[in-house]
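Breakdown of the fold
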Amino acid sequence: MNMFLQLIPGINSQRKHLGFVWGPGDILVYETQHKAAGKQPVGPSCQDVQVVRKDEDIYSPILRKLFNESHHIFVGLQNIKDDLPSKNKKPQFVSISKNYRSIIRACMEELQQIAVSTRDPTLAAQYGNQVSILLAVELIWNLCEVLFIDAAPAGSLLLHLLDWVRLHKAEVDEKARDVLRCESPTRHQFFWDVVVSFVLQGRMEEARSMLAKQATLQPAAQGMFKRMDNLLAKMPIYNPGSTQTLPEFEMKWRQWHEECDACLQDNSFASSPHLETICKILLGDDDTLLEQKELLGTWYHYVVTRLLYTHPTVKPIDLHYYAQMCMDRFLDSRSPPEPLDSILLAAFEFDLHQVIKDCSIALNNWWFVAHLTDLLDHCKLLQSHNLHFGSNLREFLLLEYASGLFTHHSLWQLAVDYFDHCQGFGRTYLELLMERVPLDTERKALKVLRICEKRQMNEQVRSICKIMAMRALRNNRLGSALSWSIRAKDAAFATLISERFLQDYCSHGQFSDLDLIDNLGPAMLLSDRLTFLGKYREFHRLYGEKHFTEAAKLLLSLMTAKIAPQSFWMNLLTDALPLLEQKEVIFSVDQTHELMYCLEELTSGKTQSNPDRPMQEEDLETTKIELLRLALARNLAMAIVKEGTVEA
Amino acid sequence: MDSINAKYVSQKISKTRWRPVSSASLQQPEFFATGSWDNEENKVSLWTIGDHGVINMDDDFEGDPQLLCDIKHSGDVLDLQFLDSDRLVTASSSGAVTIYRHHPNSQTLSVAHQWDRAHHYPCDNAPCTGVVCNSPEVVSVGEDGRIILFRADQTGVLRIIENADSSTIHAVTFLRTAEVLTVNSIGQLKLWDLRQQSNEPAQILSLTGDRVPLHCLDRHPNQQHIVATGGQDGMLCIWDVRQGNMPFSLMEAHSAEMWEVHFHPSNPDHLFTCSEDGSLLHWETSSSSDTPSFLQGGRNTSMVSRSAIAPAGGNQSIISAWLSGDSGKGQLETTHMLPSQTLSVNSLDVLSQCLVCGTDGEAVYVSRQVPV
């Protein structure tokens, strides 16, 4: 169990009670009104709601680069085809693992630079802390890469472990540079430290070249140095690429080992304690190795060095035995091992789940465990493990990581791809979260919509369009509102907006947003009211362009085909008036009859006068009807005459 | 394919623009500006790809963009244009249009002038979606459907066309002096003559029956009647504004919104587009005649489809000939310029042999050897 303690400024926890609400990556904390029995509330209460974030890392500008770059690698990994035989995939997985590590390193280097250059000591400490966390993360990842992903067999295993130690114990190189830079390197206080360190890391060539410098200064000891040089040069190194078999190598190695032993026995190096120490190291003498604690630095360096000089062909399965033993010997038995030690030990024990579990507890964000677990899962190393909650370990960790990202105002876009690759619950998470993305601009709304549309999240698409349509409507942007509801195929809302357009027309006598209404196209069919709006505008256009016959036909069909709502018929009939009053006959006999029928249908329903309506309006209505009836009758007469004439 | 370097900048980049270089000299551009979006605190930043002004610490990263200076920007940067070599204009999601001045001596940016809430609703801010400069004139457009004309040297507003569009205007560009083109969210291209007092467009061009929103446009640098637009469906349209109101040709370019399209300013046979689908395309017409093959299709609208949507590996060229009329003469070649990536490429700019683009993956990519 880990516990985090965070003081909330402005709240006196002695006197006040705190309430809180969980968020996805943070907690909202507020002061409650609760009064403890017998106590009077003291002091002014704090009105603020405070946000307590657990995961500060995603707000670090440098770590953001880590998240962005690793997202890219993650997506690449998911796209590796499943149908390849797993043997062929191993090199790919190893290279992906190396890519992940290289971005950790890049990030670490940048943090280090900033930590050095910053003047603020607390900030510098914070950066330093992040660097050490990343260092540990990279160390663990590298070991996992060697043991699990690359899964090197006996022989090669040690070579990989040596590389691992060399990479993470790079102080030697720095020291060596210092020594070589000085005027007389051999008299430098760290000369022998460097030589011994090289030997401890199995860097024979470098150790030899350092020793050669010493040898030239001591012509008397020439033979002794020659002998050491010989031993170092002859040490067999396993070469996985060669035809040499493992037993053959072991035999050669044993011969070399005996040669070293012989040198020690015949006191070849008795006159130089340094060379004698090196010889004892070559023999893997435990006490001598432990004397080099300072130079080894860590117990895992000790493990690898010891294996190098005692069991160079160690099998993966035996690793844990040596690791445990070396750790016990190396570490002070009184102090308990640090989390990093137990994580590495668990890795040596090939206990993947323990590694992941311990990392999850020890580290303050999910980035590392989520990505490592995902990679291991792709290597088919986690199949047997199912959780009793959620679907599996990989998915559980990815979901945690992605949910954390989603709380970030900018990184939420990265999270989408992670959710995509969570078979079990990814989509559900994404659906719930997408609806909650704040939409400040249409540009952002379009991006969110694209994400939803790509994944056929119809419910969310509708809801986003509706939000945008409502916002446009509130700002009196009818055109935009209509566009959004057309995009969402939201018929009800399109009807509502069409009504608004018609109302505006009735009150102002002209249409607004003609550029939109004239270009509805097939979108017009979304709702009846929208169709009517489009057609009604078409009538006005035809009328304006003096295509009276087509206009008349369209107007009539709007009523007879019941496209127009009955409430609007009076307006349509009024629009017919000027057509009826034209010099030439536009409505035929049949059409006039139909118009009359429409008028009757409209008026028959309203015989009783509405008491709520003012008398004046009632009068106006009646006059209008009278006028219409008159016009219709006159038109009918003219049409009969005209049609009769044509036929005759 | 030449190398294109990524620089992670810890902010989603909405716009990238090269600082103009004088056309007389054969200078390569050295400075570019970026604008961010969706951050808690957005910024306008100025970068250099040369080693002037800053000490280059790593020799290995020669040419890696180095930050010169930045300044807070209230709201998302929705558009960014250089007014001249020292001043740049931004469009903000808060509705403001701001002119920033770069002081080369102190390497700082400062606000030279701001038209706060230039775009707005009766009781809310309306995002300003685009600006275009023709020094000293600046034209801005917004979600509120307004077109506003400013002069950089005057604090007032020169002209407002209220309700120029019933839907959102996504982008604006100058066609000629006093003539601007806008694209909107219902797929229309409108031509405005700012000398006319009427609030109606001089011309409306659109794909009939098609209401696919248009997001970007650019004018051919030499032949001003040729205009390229990009839409929500990733389609690239070439228009001839002199003739008719239909696009000249249509090309399937991207699988999602095309955010920007740019003709190469000095070699307009080359065209560049970027998209929400995470790709950046380089289009090249190889025509023997003087007319670019964008215009060899005849009057009929043609549709050319690339053989496949962006290949995962990128870096491959896909050749497709025009299918229409006399297609034999011209050939169109498209090249992916970015390695495969999934997050949107929001903006690009190309000048001379240099190209810069910015992504939602919080990276800026710079290429200094664009084959033009």
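Let us look at the structure shown here. Computed from a predicted structure; not experimentally measured. (Residues numbered from 1 in each chain as written. Chains lettered and ligands numbered in written order. Predicted model: local features only at pLDDT ≥ 70, side-chain atom pairs only at ≥ 80, totals over all residues. Heavy atoms only, no water.)

A look at the interface of chain B and chain A
Convention followed: The criterion used for residue contact is that any of the two residues' heavy atoms lie within 4.5 Å. Buried area, as used here, totals the accessible surface that two parts lose on assembly, with accessibility defined by a 1.4 Å probe and the loss added over both. By definition, a salt bridge exists where a carboxyl oxygen of Asp or Glu is found within 4 Å of a side-chain nitrogen of Lys or Arg.
Contacts between chain B and chain A engage 51 residues on the former and 42 residues on the latter. A buried area of about 3,800 Å², summed over both sides, lies between chain B and chain A, and 44% of it is on carbon and sulfur atoms. Among the residues of chain B in contact with chain A, Tyr8(B), Ser166(B) and Arg211(B) are the three that bury the most area, contributing 18% of the side total. Counting the contacts that link chain B with chain A gives five salt bridges. Linking Glu362(B) and Arg64(A) is a salt bridge whose minimum nitrogen-to-oxygen distance equals 2.5 Å.

Some thoughts on the packing of aromatic side chains
Residues and elements named next belong to chain A. Threshold: A pair of aromatic rings is counted whenever rings of Phe, Tyr or Trp (Trp by its six-membered ring) have centres within 6.5 Å, and the orientation is called stacked for planes under 30 degrees apart, edge-to-face for over 60 and tilted otherwise. By the criteria applied, helices consist of DSSP H or I runs no shorter than four residues and strands consist of E runs no shorter than two, each listed in order from the N terminus. Each residue is assigned to one of three classes by its accessible area relative to the maximum for its type, calculated with a 1.4 Å probe on protein chains only: buried under 20%, partly exposed between the two thresholds, exposed over 50%.
Within the structure shown, the criterion is met by 30 aromatic pairs over all chains. Arranged with centres 6.1 Å apart and planes meeting at 35°, the rings of Trp141 and Trp367 form a pair that is tilted. Remark: Trp367 occurs in helix 17 (residues 367–378) and Trp141 occurs in helix 3 (residues 121–149); sequence separation between them is 226 residues. We note that Trp141, like Trp367, is buried.

What about the side chain of Thr16(B)?
Residue and element names in this part refer to chain B. For the record, the criterion: N or O atoms within 3.5 Å of each other form a polar contact, as long as, within protein, one can give a hydrogen and the other can take it, and as long as residues adjacent in sequence are counted only when both atoms are side-chain atoms.
Here Thr16 lies in strand 2 (residues 13–18). On the basis of relative accessibility, which here comes to 0%, the residue Thr16 falls in the buried class. Among the polar contacts made by the side chain of Thr16, one reaches the main-chain carbonyl oxygen of Val356 at a distance of 3.4 Å. Once you skip the residues sitting within four places of it in the chain, Thr16 turns out to touch Ala33, Thr34, Ser347, Leu348, Asp349, Val356, Cys357 and Gly358.

Side note on helix 10 (residues 273–282) of chain A
One full turn of an α-helix is made of 3.6 residues, so residues set three or four places apart face in the same direction. All names here are of chain A. Spelled out, the test is: In this description, one arc is meant: the one made by directions from the helix axis to the C-beta atoms.
All of the buried residues in helix 10 are Leu275, Ile278, Cys279, Ile281 and Leu282. Viewed along the axis of helix 10, the buried residues span an arc of 160°, placing them on a single side of the element. Trailing helix 10 by a residue or two, Gly284 shows a phi angle of about 75°, which is positive.

Here we look at the pattern of salt bridges
All names here are of chain A. Across all of its chains, the model carries 52 salt bridges over all chains by this definition. For Asp173, the salt bridge goes to Arg203, with nearest N and O atoms at 2.6 Å. With Asp173 in helix 5 (residues 171–181) and Arg203 in the loop between helix 6 (191–200) and helix 7 (204–217), this pair connects stretches of sequence that are 30 residues apart. Judged by relative accessible area, which is 24%, Asp173 ranks as partly exposed. Arg203 sits in the buried class, given a relative accessible area of 10%. A salt bridge links Glu581 to Arg634; the nearest nitrogen and oxygen atoms lie 3.2 Å apart. Placement of Glu581 in the loop between helix 28 (569–580) and helix 29 (589–604) and of Arg634 in helix 30 (residues 615–647) is noted, with a sequence separation of 53 residues between them. Exposure remark for Arg634: the relative accessible area of 46% places this residue in the partly exposed category.

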